[in-house]
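One letter stands for each residue in the lines below.
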Amino acid sequence: GDDYLEFSELNKKIESAVRNLPESCRKVFEMSRFEELKNREIAERMEVSQKTVEAHLTKALKILRNELKDYLPVITLISKILN
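Residues numbered from 1 in each chain as written. Predicted model: local features only at pLDDT ≥ 70, side-chain atom pairs only at ≥ 80, totals over all residues. Heavy atoms only, no water.

### Here we look at the overall build of the protein chain
Along the protein chain, the regular secondary structure elements total five helices and zero strands. A total accessible area of about 6300 Å² is found for the protein chain, and carbon and sulfur atoms account for 51% of it. (Helix = DSSP H or I, 4+ residues; strand = E, 2+ residues; numbered from the N terminus. Areas by Shrake-Rupley, 256 points an atom, 1.4 Å probe, with all protein chains shown as cover.)

So, in structure tokens, the structure goes:
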């Protein structure tokens, strides 16, 4: 129904927002969220410090939050359901 459409629309928005992240931010974000790697593991893979990884994640989340602010209530709801 309508809910599915909204979810699918939201998914597209999220994917597009993630794709538009600066490259290093995107890589770090994808490793963290989709491959579920620890910051230490990401740092080793990318040959950067953990601080750099944290900075990229912070930046990525800030950008995504901004890009997706109209959808935040829906995202909050979904993450509550999924957790």
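### A few points about the nonpolar core
Core analysis: the biggest nonpolar cluster contains 15 residues, and Leu21, Phe29, Ile42, Val53 and Leu64 have the highest contact counts within it. Among the elements of the structure, helix 1 (2-19), helix 2 (23-33), helix 3 (39-46) and helix 4 (50-67) are those that each provide at least two residues to this core. Those residues within four positions of Leu21 in sequence are excluded, and the remaining contacts are Arg26, Phe29, Ala60, Ile63 and Leu64. (Core = buried A, V, L, I, M, F, W, Y, C linked by side-chain atoms within 4.5 Å. Buried < 20%, exposed > 50% of the residue type's maximum accessible area, 1.4 Å probe, protein only. Contact = heavy atoms within 4.5 Å.)

### Some remarks on helix 4
Count 3.6 residues to each turn of an α-helix, and residues three or four apart come out pointing the same way. Over its 18 residues, helix 4 extends 25 Å from the first C-alpha to the last, a length consistent with the 26 Å expected when each residue adds 1.5 Å. Buried within helix 4 are the following residues: Val53, His56, Leu57, Ala60 and Leu64. Take helix 4 and look down its axis: the buried residues cluster within an arc of 100°, on one side only. Residues of helix 4 that are exposed and point more than 90 degrees away from the buried face comprise Lys51, Thr58, Lys62 and Arg65. (Expected span 1.5 Å × (residues − 1). Arc of directions from axis to C-beta.)

### As for the environment of Ile42
By the element assignment, Ile42 lies in helix 3. When near neighbours in sequence (up to four residues on either side) are disregarded, Ile42 contacts Val28, Met31, Ser32, Leu37 and Val53.

### Some remarks on the environment of His56
Here His56 is to be found in helix 4. Residues His56 and Cys25, 31 residues apart in the sequence, show an inter-C-alpha distance of 4.8 Å. His56 has contacts with Ser24, Cys25 and Val28, leaving out every residue within four places of it along the chain.

### Comments concerning the pattern of salt bridges
Across all of its chains, the model carries five salt bridges by this definition. A salt bridge links Arg26 to Glu30; its shortest N-O distance comes to 3.8 Å. Residue Arg26 and its partner Glu30 are located together in helix 2, separated by four residues, close to a single helical turn. Taking relative accessible area as the criterion, Glu30 reaches 28% and is therefore assigned partly exposed. Its salt-bridge partner being Lys51, residue Glu54 comes within 3.9 Å of it at the nearest N-O pair. Within this pair, Glu54 and its partner Lys51 are both found in helix 4, separated by three residues, close to a single helical turn. (Salt bridge = Lys/Arg side-chain N within 4 Å of Asp/Glu carboxyl O.)

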